[in-house]
Amino acid sequence: MTDFDSNRRQLLKGAAVAAGGAVAASRLAPEAQAAAQPASAATSAATAATAATATISVRLRVNGAEHQLMVDPRTTLLDALRERLHLTGTKKGCDQGQCGACTVIVDGRRSTSCLTLAVMQEGHDITTIEGLGTPNNLHPMQAAFIKHDGYQCGFCTPGQICSAVAMLDEVKKGGPSHVTADINAVLQPTDAEFRERMSGNLCRCGAYSNIQAAIAEVAGVRR
């Protein structure tokens, strides 16, 4: 017998052994899976139980009213406002803090509610578009938006108005922006300041000129 024949036989034997092992493994797989199922079910049940108990009590002060909620600690302020308190005026746009549609006012400052957790806002004063005014008693900024047609589809409008109200307060307090020429001088409310400070609020309909006109009127700026 030549070395070639011997090597050939060894190769065939090895292939037969490997094939037999694969068949045996395939026959054992259902039994192994069945044995693993109870453990998997127990793990799933434990995970569900943990998720059910992983809630935190939080008291939110929104538009002057106190609300006691049990929430998942990962719940954003935006979702708490919309899904739990049913204040749907605050809109979910990009859900990444880029469009400004979810802007609310927290302690007098603008906040993108999709980027902050509800549990972080306990003890803070939160104002949404519903808290700025009512149909019979509009906030001056709301009235100005209507007068100057500062909206089209209206989706970004609540965030635009909340942002504009808080932005004018920032200007009154003299906080400089990127376009402020002299940070030591008295800050002047100008169109350039308004455009820069409102740049985080996007309007996909492109009603920016009308939004600017509404803000200028409330600020008492002649255009």
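Basis of the calculations
- Residues numbered from 1 in each chain as written.
- Predicted model: local features only at pLDDT ≥ 70, side-chain atom pairs only at ≥ 80, totals over all residues.
- Heavy atoms only, no water.
- Helix = DSSP H or I, 4+ residues; strand = E, 2+ residues; numbered from the N terminus.
- Buried < 20%, exposed > 50% of the residue type's maximum accessible area, 1.4 Å probe, protein only.
- Contact = heavy atoms within 4.5 Å.
- Core = buried A, V, L, I, M, F, W, Y, C linked by side-chain atoms within 4.5 Å.

A. Quick peek at the overall build of the protein chain. Along its length, the protein chain carries 7 helices and 5 strands. Ordered by position from the N terminus, the helices and strands of the protein chain form the series α-β-β-α-β-β-β-α-α-α-α-α. Within the protein chain, buried positions represent 32% of all 223 residues. By sequence separation, contacts in the protein chain at least 24 residues apart represent 55% of the contacts at least 6 residues apart.

B. Summary view of the nonpolar core. Counting residues in hydrophobic clusters, the biggest one holds 25 residues, and the most contacted among them are Leu132, Met141, Ile161, Met167, Phe194 and Ile215. Of all elements in the fold, only helix H3 (129-132), helix H4 (140-147), helix H5 (157-172) and helix H7 (208-219) reach the threshold of two or more residues within this core. With 8 residues, the top contributor of residues to this core is H5. Sequence-distant contacts of Met167, defined by excluding residues within four places in its chain, comprise Arg110, Phe194, Arg197, Met198 and Ile215. Listed in part, the 14 residues of the second largest apolar core include Val58, Leu60, Val104 and Ala118.

As far as function goes, none of this settles anything; it's purely spatial.
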